[in-house]
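Topology and contacts: notes
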Amino acid sequence: MDDSTAAIEKRQCAEALRRHLKAAKHLRQQANFDPAAARARLYLREWQAGRLARTHAELLASARFGPAARFFISDLYGPKDFSSRDEEVERILPLLIKMLPASALRTVALAVELDALTEELDSAMVAELCRAGRIEQIDEVGYATAYRGVACRAERQRQIVLIRETGEALDRLATKPLLSSLLKMMRRPAQLAGLGDLHQFLEGGFDAFRGMGSASDFLASIEAKEQKLLRRLFDGVADPFVT
């Protein structure tokens, strides 16, 4: 990749980052404005984290794939509140554009886009579950009903695509040996500068993916199971969560 191409890619990543950071921040502010809404969002995310752990139990139990699976559920697609990480990215975005290679910047951009889309879909799910009076005692039947009520099939498909693309971006980062040394060197300065969450995301993802070698089988497994579940939910299949 020549310098002009890299500069264009960096600019495109930066524009995407700004757009998705703004969207995620707005949705989180809405969700956290009302304490009852914030609790409802937590109920939903805790239930979804449990669902992910059940759906991908084989990956979590695998010596090879376990660390990457745990990273996905805790730092990419789980119940964690990413406000601090995204605020750090927003605060030092000009520096990130200058310092990070395009591949690392694109990884952050994809993760933030996934974050923003998940916030949007979770907000709609919370509203649907609250209308049905099921938010404090979410079960599979109530979740499936709310899922179909929200619809947003194209957005759900995009969410799965983003999971795969973010994983592929992390996989590419894991092949860059110099990045490992750079991330280790940056750990303490990042913490002192108030950038601990962002650094933890990058280093945690790098370590998890580097440790398993090629991520192809791992990502294919996640994508296949999530696509199958999406189809079963929208088709109204009885016991859609049974794999």
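Everything discussed here concerns the structure shown above.
Summing up its helical and strand segments, the chain has twelve helices and zero strands in all. Compactness check: the chain gives a C-alpha radius of gyration of 18 Å against a globular reference of 18 Å for 243 residues, within 12% of the reference. Based on the C-alpha atoms only, the size of the chain along its principal axes is roughly 50 × 40 × 30 Å. Taking all 243 residues of the chain together, 47% fall into the buried category. Taking the intrachain contacts of the chain between residues at least 6 apart in sequence as the baseline, contacts between residues at least 24 apart amount to 78%. Of the roughly 12,100 Å² of accessible surface on the chain, a fraction of 55% belongs to carbon and sulfur atoms. Each charge class in the chain was averaged separately, 36 positive and 34 negative side chains, and the resulting centres sit 2 Å apart.

Moving on to helix α12 (residues 216-234). With 19 residues, α12 should reach 27 Å at 1.5 Å per residue; the first-to-last C-alpha distance of 27 Å fits that figure. Of all the positions in α12, only Phe218, Leu219, Ile222, Glu226, Gln227, Leu229, Leu230, Leu233 and Phe234 are classed as buried. All buried residues of α12 lie within an arc of 165° about the axis, which places them on one face of the element. Count one or two residues on from α12 and you reach Gly236, which has phi positive near 70°.

For the pair helix α7 (residues 102-131) and helix α8 (residues 140-150), interaxial distance at closest approach is 9 Å and the crossing angle is 120°. If you check the angle between α7 and α8, you find them oblique. The hand of the α7/α8 crossing is right-handed. Here Ala124, Met125, Glu128 and Leu129 of α7 lie close against α8, whose contacting residues are Gly142, Tyr143, Ala146, Tyr147, Gly149 and Val150. Classifying every residue of the contact of α7 with α8 gives seven nonpolar, two polar and one charged.

For the coordinates displayed, the defined rule picks out ten aromatic pairs. Between Phe72 and Phe218 the ring centres are 5.4 Å apart and the planes differ by 75°, which places this aromatic pair in the edge-to-face class. Residue Phe72 is found in helix α4 (residues 66-76), and its partner Phe218 is found in helix α12; the two are separated by 146 residues along the sequence. Across the pair, Phe218 and Phe72 agree in class, each one buried.

What follows deals with the environment of Asp139. Mapped onto the secondary structure, Asp139 falls in the loop between α7 and α8. Along the sequence, Asp139 and Trp47 sit 92 residues apart, while their C-alpha atoms lie 8.3 Å from each other. Excluding residues within four positions of it along the chain, Asp139 makes contact with Trp47 and Arg134. Of note is the side chain of Asp139, whose polar atom sits 3.5 Å from the side chain of Arg134.

Take the nonpolar core next. Note on soluble globular proteins: their nonpolar side chains tend to be buried together. Ranked by internal contacts, the top residues of the largest apolar core, which has 45 residues, are Leu17, Phe72, Val89, Phe209 and Phe218. At the level of elements, α1 (3-33), α4, α6 (93-99), α7, α9 (153-173), α11 (196-212) and α12 are the ones that each hand at least two residues to this core. Sorting elements by how many residues they give to this core places α7 first, with ten residues. Once you skip the residues sitting within four places of it in the chain, Leu17 turns out to touch Val89, Leu93, Leu105, Val108, Ala109 and Val112. Counting 19 residues, the second-largest nonpolar core is a separate cluster that includes Leu44, Ala146, Val150 and Phe241.

Under the counting rule described, the total for this entry stands at zero disulfides. Cys130 takes part in no disulfide bond, and the closest cysteine sulfur to it belongs to Cys152, at a distance of 16 Å.

Along the chain, Arg131 falls in helix α7. When the C-alpha positions of Arg131 and Tyr147 are compared, they lie 13 Å apart, and in sequence the two are 16 residues distant. A polar contact is formed between the side chain of Arg131 and the side chain of Glu128, at a distance of 2.6 Å.

As a further point, take unusual backbone geometry. Positive phi is not limited to glycine here, since Cys152 has a value of about 55°. Inspection of the secondary structure assignment puts Cys152 in the loop between α8 and α9. Exposure remark for Cys152: the relative accessible area of 25% places this residue in the partly exposed category. A positive phi angle is found at Asp239, which is not glycine, with a value near 50°.

Criteria and cut-off values
Residues numbered from 1 in each chain as written. Predicted model: local features only at pLDDT ≥ 70, side-chain atom pairs only at ≥ 80, totals over all residues. Heavy atoms only, no water. Helix = DSSP H or I, 4+ residues; strand = E, 2+ residues; numbered from the N terminus. Rg over C-alpha atoms; globule rule 2.2 N^0.38 Å. Buried < 20%, exposed > 50% of the residue type's maximum accessible area, 1.4 Å probe, protein only. Contact = heavy atoms within 4.5 Å. Areas by Shrake-Rupley, 256 points an atom, 1.4 Å probe, with all protein chains shown as cover. Lys, Arg positive; Asp, Glu negative; His and termini not counted. Charge placed at Lys NZ, Arg CZ, Asp CG, Glu CD. Expected span 1.5 Å × (residues − 1). Arc of directions from axis to C-beta. Axes fitted to C-alpha atoms, helices over the stretch in contact; angles between N-to-C directions. Parallel < 35°, antiparallel > 145°, perpendicular 65-115°, else oblique. Left-handed = near helix turned anticlockwise from the far one by under 90°. Nonpolar A, V, L, I, M, F, W, Y, C, P; charged D, E, K, R; others polar. Phe/Tyr/Trp six-rings, centres within 6.5 Å; stacked < 30°, edge-to-face > 60°. Polar contact = N/O pair within 3.5 Å; in protein donor to acceptor, adjacent residues only side chain to side chain. Core = buried A, V, L, I, M, F, W, Y, C linked by side-chain atoms within 4.5 Å. Disulfide = S-S within 2.5 Å.

The values reported here are purely geometric and, on their own, carry no functional implication.
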